[in-house]
Amino acid sequence: MNPLILIIDDDEKLNRLLSDYLNDFGYRTLTAVHPEAGLNRLKEASPNLVILDVMMPDMNGFEVCKAIRQTSDVPIIMLTARGDLSDRVVGLEIGADDYLAKPFEPRELAARIQSILRRTAKMGSQDSVAFGRLHIDFAKRTASVEGTDTDLTTNEFTALALLAGSPGKVFDRDEILQELRGMDCDAFNRSVDITMSRLRQKLDDDPKNPAFIKTVWGAGYVFIGQNQ
């Protein structure tokens, strides 16, 4: 069955335009113009990806993103009225997987959706592996520490899968960004450091005495966990 995309945006005209455009790409779509309605549709329909506007009445997109992350690791692309770095940083810190500033080309949004869904499908085709107290299930796209699920977002799991897939290899920020975004990015972007910081916290991995992810100053990050 074709992927289902949930669009949560208070702009009904934009919702219709995006739905028509994404339908032409073979995606199924659901829309909601109110945050609460969007959260209800998320529970009912279990979409493959959520497109979420930041500026909405009663509950802004950041609050909606936080609410989604309490129960779901579904990929989230946030739409911002401005391209402000602060909006992007906040979105990443609370668990969004990508962001796009309005106005945008629908073709770019479709490309980002394809990239995220391709990554999640790739992860789902792999096996599971254990590194000491860390267990990574590539099929389910989950990671647990001493049996407790870490509730990783798509970006966090993608970063972990990249590093853990090649233990001992140092990945620089550009390589990690390419994997996270699937497209060219700025040479330096705080999103990598934010993602890695959140990932370490969830893995209970002390940066000063790491068991899994080590920072190689001036170079990037390397996975040092021991395979069992």
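Cut-off values and rules
- Counting starts from 1 at the beginning of each chain's written sequence and moves along it residue by residue.
- Given that the model is predicted, a residue must reach a pLDDT of at least 70 before its local features are reported, and side-chain atom pairs must reach 80 or more before they are shown or counted; all residues, however, enter totals for whole chains, interfaces and linings.
- The side-chain quantities take in all heavy atoms of the structure and omit both hydrogens and water.
- The convention used is that axes are lines fitted to C-alpha atoms, helices contributing only their stretch in contact, and that angles between N-to-C directions extend from 0 to 180 degrees.
- The helix and strand labels rest on DSSP assignments: H or I over at least four residues marks a helix, E over at least two residues marks a strand, and numbering proceeds from the N terminus.
- With respect to orientation, any angle under 35 degrees is reported as roughly parallel, any angle over 145 as roughly antiparallel, any angle of 65 to 115 as roughly perpendicular, and every other angle as oblique.
- Each crossing gets its handedness from the near helix: less than a right angle anticlockwise from the far helix is left-handed, clockwise is right-handed.
- We call two residues in contact when some of their heavy atoms are within 4.5 Å.
- Classification of residues uses two cut-offs on accessible area relative to the type maximum, computed with a 1.4 Å probe and protein chains only: under 20% is buried, over 50% is exposed, and between them is partly exposed.
- The criterion for strand pairing is that DSSP finds at least two bridges linking the strands in question.
- Put simply, Ala, Val, Leu, Ile, Met, Phe, Trp, Tyr, Cys and Pro go in the nonpolar bin, Asp, Glu, Lys and Arg in the charged bin, and everything else, Gly too, in the polar bin.
- Side-chain atoms within 4.5 Å link the members of a nonpolar core, which is a set of buried Ala, Val, Leu, Ile, Met, Phe, Trp, Tyr and Cys residues.
- Between the first and last residue of a helix there are one fewer steps than residues, each counted as 1.5 Å, and that sum is the expected span.
- Directions from the helix axis toward the C-beta atoms define the arc.

**Remarks on the packing of helix α2 (residues 35-45) against helix α3 (residues 61-69)**
Axes are the key here: two packed helices are described by the angle between their axes and the distance separating the axes. Following both chains from N to C, one finds α2 and α3 inclined at 25 degrees, their axes separated by 11 Å at the closest point. Here α2 is positioned roughly parallel relative to α3, judged by the angle of their axes. Of the two elements, α2 crosses α3, and the hand of that crossing is right-handed. Between α2 and α3, the contacting residues are Pro35, Leu39 and Leu42 on the first element and Val64, Ala67 and Ile68 on the second.

**Some points on helix α6 (residues 154-164)**
Within α6, 11 of the 11 residues are buried, which leaves the element mostly enclosed by the surrounding structure. Listing the buried residues of α6 in full gives Thr154, Asn155, Glu156, Phe157, Thr158, Ala159, Leu160, Ala161, Leu162, Leu163 and Ala164.

**Some points on the environment of Gly91**
Residue position: Gly91 is located in helix α4 (residues 85-93). Beyond its immediate sequence surroundings of up to four residues, Gly91 is in contact with Phe62, Met78 and Ala96.

**Quick word on the side chain of Asp137**
On the secondary structure map, Asp137 appears in strand β7 (residues 134-137). Judged by its relative accessible area of 14%, Asp137 falls in the buried class.

**Let's talk about the sheet that holds β7**
As summarised here, the arrangement of the 4 strands in space is β6-β7-β8-β9, forming an open sheet in which the pairing is antiparallel. The sheet is open, and its two edges are formed by β6 (128-131) and β9 (148-149), each paired on a single side. Sheet topology places strand β8 (residues 142-145) next to β9; 2 bridges connect them, and they run antiparallel. If you follow Val145 over to β9, its bridge partner there is Thr148. The sheet contacts of α6 involve β6, β7 and β8, and relative to β7 the element is tilted by about 105 degrees.

**Examining the packing of α6 against helix α8 (residues 190-203)**
Where α6 meets α8, the axes come as close as 9 Å, and the angle between the chain directions of the two elements is 85 degrees. It follows that α6 is roughly perpendicular to α8 by the angle criterion. Facing α6, whose interface residues are Asn155, Glu156, Ala159, Leu160 and Leu163, α8 presents Thr195, Met196, Arg198, Leu199, Lys202 and Leu203. Classifying every residue of the contact of α6 with α8 gives 6 nonpolar, 2 polar and 3 charged.

**Concerning unusual backbone geometry**
Cis geometry is adopted by the peptide bond preceding Pro103, which originates at Lys102 and carries an omega value of -10 degrees. Mapped onto the elements of the fold, Pro103 is located in the loop between β5 (98-101) and α5 (106-123). Located in the positive-phi region is Asp58, a residue other than glycine, with phi close to 70 degrees. Counting through the fold element by element, Asp58 comes out in the loop between β3 (49-53) and α3. Although it is not a glycine, Glu146 adopts a positive phi angle of roughly 55 degrees. With respect to the element layout, Glu146 can be found in the loop between β8 and β9.

**What about the nonpolar core?**
With 27 residues, the main nonpolar core has Leu134, Ile136, Leu160, Ile213 and Phe223 as its most contacted residues. Looking at this core, the elements that each hand over two or more residues are β6, β7, β8, α6, α7 (173-181), α8 and β12 (220-223). For Phe223, the contacting residues outside a window of four places in its chain are Phe131, Leu134, Leu160, Leu163, Ala164, Pro167, Gly168, Lys169, Phe212 and Ile213.

**A short note on the sheet that holds β3**
With respect to topology, 5 strands assemble into an open sheet ordered β2-β1-β3-β4-β5, the strand pairing being parallel. Every interior strand has two partners, whereas the edge strands, β2 (28-32) and β5, have only one. Averaged over all pairs of adjacent strands, the angle between strand axes in this sheet comes to 20 degrees, irrespective of strand direction. Of the pairings in the sheet, the one linking strand β1 (residues 4-8) to β3 comprises 4 bridges and is parallel in character. Paired with Leu6 across the bridge in β3 is Val50.

**Overview of helix α1 (residues 12-24)**
If you check α1, its first and last C-alpha atoms are 19 Å apart, about what 13 residues at 1.5 Å a residue would give, namely 18 Å. Along α1, the residues that are buried comprise Leu14, Asn15, Leu18, Ser19 and Leu22. Down the axis of α1, the sector holding all buried residues measures 130 degrees, keeping them to one side. Projecting away from the buried face of α1 at angles above 90 degrees are the exposed residues Lys13, Leu17 and Asp24.

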